[in-house]
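# Chains, contacts and geometry: an overview
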Amino acid sequence: MQIKRMNRWINILLVLLFVFAASTVSAQAKNVVLLIGDGLGYTQFWAAQLYSKHILGRDLRMIEVMKAGNTAYIVNDTADSFVTESAAAAGQIATGERMFARALSMKEDGKTPVPTILELAKAQKNLACGLVTTSGITDATPAAFATHVSHRSNEEEVATQLLKSNVEILMGGRKQFFLPESVSGGRRKDGRNLIEEAQKLGYSVVGTAAELKGVTGSKVLGLFNMANMNYEIDRKATKEPSLAEMTEVTLRILSRNPNGFFAMIEGGRIDHASHRNDAAATIHDVIAFDEAVGVAIDFAKTHPGTLVILTADHDTGGMAIIGHSKTSKEYVGIDLKQIKNQNISFELLIKEWGKNPTPALIKESVKKATGIELTDEEAQFVAADTIKKADPYNYSYDYLHSLAFVLRPYYRVGFASQTHTASPLYACGIGPGSEKIQGLLHNTELFTIMKAALQLK
Ligand SMILES: [Zn+2]
């Protein structure tokens, strides 16, 4: 009897020890795919999901990751502000340390580099690495993972450091920072041609979707636009690859490395569309980002050691789905069919306006771009740029915020600002290590989760 009881206690003790060990040793990942929607706040996500479900007839792929159960609230305050920008946000995810605004993975002194998850993965495990965006490859989010620059605006220096970093896959826009001023469109003052230098370093350099499709090498520099890549809504006539296509090629090439890989994939222009308070352009760019998320999910299903993390760096614009049309007595919410009718981005639309657009020109061009017939009063409200005049710090773009404001009762989508907000975000994941994405996390903790999953020191 005594021995039986002792055995039972020993068994209970062993079970407890096992549970304790399992909770302290994290699952090991061979690959990490980190997907960042720049400016992808909760409303950007939900507006795109409503559009996808009711107009396109399918749920966003992000929903699959969220429903897997490893989802957390994310907050993103920085070393010097409650409202972050992309350099500090990406730097915090990349390094695990609180950052100062506009510095790329640097300590407070602006001179001391803080090692990033990508650099640790490369140095300690010889992982292959990739950085992909629809914004510029020299823009803050990709830059924070592989460069150390005291101010994000020094994109010439970012391009130089990106090549030096030996990141195998680099794709996005802003080719201008790789070319000397002597070449048409080039912005480099030091006269260097980084594209020729990249070729000497073994990179296949590609500039179109067709070229990307045919790429065979293990190092790729894809520069698809002199400036940012186009908004999804403006892509009809471009030769640019989609973010999903870039992601597919990236994962295919990086997964040839037997040690594994780290890839950061950014939907970079969601942010730009929301800065301009352009709900339709925002939704289309979220859906393009979501298709890249789908590529990562499908990859993870056939490559079980892959940790996929989906998150945002910050909300942009304080987007909100609002209740009423001009005449509704009951809540009606977002008008998805009306949003579907918009055929170009606000940014392109406004280019036709010049410096002092007349109400007649505004009415005509808005009708052509959206099908909406503004009233004379609404057109006058935009021509007078009423919103910018009322709050020029929070609404700094000419005419765009006044346009978005008069379109509010038509679209039933509003924006609190032209810039970022401190709205909490979310992160979710699948694969080894994702079980730690729970509760309320600071974005620096995403670094810790990736580092543990890859078993880096
Ligand atoms: Zn931004």
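Residues numbered from 1 in each chain as written. Predicted model: local features only at pLDDT ≥ 70, side-chain atom pairs only at ≥ 80, totals over all residues. Heavy atoms only, no water.

This next bit is on the overall build of the chain. A tally of helices and strands in the chain yields 19 helices and 13 strands. Viewed in the frame of its principal axes, the chain has a C-alpha envelope of about 90 × 60 × 45 Å. Going through the 457 residues of the chain one by one, you find that 56% of them count as buried. (Helix = DSSP H or I, 4+ residues; strand = E, 2+ residues; numbered from the N terminus. Buried < 20%, exposed > 50% of the residue type's maximum accessible area, 1.4 Å probe, protein only.)

Further remarks concern the domain arrangement of the chain. Taken domain by domain, the chain holds domain 1 (31–318 + 420–453) and domain 2 (323–411). When each unit is reduced to the centre of its C-alpha atoms, the spacing between domain 1 and domain 2 is 31 Å. At the junction of the two partners, domain 1 supplies 18 residues and domain 2 supplies 18 residues. Roughly 1,500 Å² is buried in total at the junction of domain 1 and domain 2, and carbon and sulfur atoms are behind 64% of that figure. Applying the counting rule to domain 1 against domain 2 returns 2 salt bridges. Measuring nitrogen to oxygen at the nearest pair gives 3.7 Å for the salt bridge that ties Arg269 to Glu347. Between the two partners, domain 1 and domain 2, sit 8 residue pairs in polar contact (both at pLDDT 80 or more). Contributing elements (two or more residues each) for the side of domain 1 that touches domain 2: α2 (42–56), α11 (269–275) and α12 (279–302). A per-element tally of the side of domain 1 that touches domain 2 places α2 first, with 5 residues. (Domains from an automatic or database assignment. Contact = heavy atoms within 4.5 Å. Buried area = accessible area lost by both parts, 1.4 Å probe. Salt bridge = Lys/Arg side-chain N within 4 Å of Asp/Glu carboxyl O. Polar contact = N/O pair within 3.5 Å; in protein donor to acceptor, adjacent residues only side chain to side chain.)

Strand residues, when the strand is regular, have side chains that alternate between the two faces of the sheet. Of all 7 residues in strand β7 (residues 261–267), 7 are buried; the element is thus mostly enclosed. Side chains of β7 alternate between two faces, with Phe261, Ala263, Ile265 and Gly267 and Phe262, Met264 and Glu266 buried alike. Two strands pair when backbone bridges link them, and strand β3 (residues 128–136) and β7 are joined in this way by 6 bridges, in the parallel orientation. When the sheet's bridge partners are listed, Val132 is paired in β7 with Ile265. (Pairing = 2+ DSSP bridges.)

Examined against the element boundaries, Thr375 turns out to sit in the loop between α15 (359–370) and α16 (376–383). Of the residues examined, Thr375 reaches a relative accessible area of 30% and is grouped as partly exposed. For the pair formed by Thr375 and Lys363, sequence separation is 12 residues and the distance between their alpha carbons is 7.9 Å. Those residues in contact with Thr375 that lie beyond four places of it in its chain are Lys326 and Lys363.

For the zinc ion, the protein coordination sphere consists of Asp271 (OD), Asp271 (OD), His275 (NE2) and His420 (NE2), at 2.1 to 2.3 Å. The coordination sphere of the zinc ion comprises 4 donor atoms, whose angles at the metal cover 57 to 152 degrees; the geometry is irregular. Of note, the donors binding the zinc ion are all from one chain and are spaced D-x3-H-x144-H. Within this pair, whereas Asp271 is found in helix α11, its partner His420 is found in strand β11 (residues 420–421), the two being separated by 149 residues in sequence. Exposure class is identical for Asp271 and His420. Each is buried. (Donors = N, O, S within 2.8 Å, 3.2 Å for Na, K, Ca; no water. Tetrahedral: all angles 85-135°; square planar, octahedral: opposite > 155°, others 65-115°.)

The next point concerns the side chain of Ser434. Position of Ser434 relative to the elements: it lies in the loop between β12 (425–430) and β13 (439–442). In this structure the side chain of Ser434 is engaged in a polar contact, spanning 2.6 Å, whose partner is the backbone oxygen of Gly431. Not counting residues up to four positions away in its chain, the partners in contact with Ser434 are Asn70, Leu307 and Gly429.

On to the nonpolar core, then. General note: in soluble globular proteins, nonpolar side chains tend to be found buried as a group. Core analysis: the largest hydrophobic core is formed by 138 residues, its most contacted members being Leu35, Leu131, Phe145 and Phe262. If you tally residues by element for this core, the top one is α12, at 14 residues. Three or more residues apiece are contributed to this core by two domains, here domain 1 (31–318 + 420–453) and domain 2 (323–411). Sequence-distant contacts of Leu35, that is, excluding residues within four places in its chain, are made with Ile265, Phe289, Ala292, Val293, Ala296, Val308, Ile309, Leu310 and Thr311. (Core = buried A, V, L, I, M, F, W, Y, C linked by side-chain atoms within 4.5 Å.)

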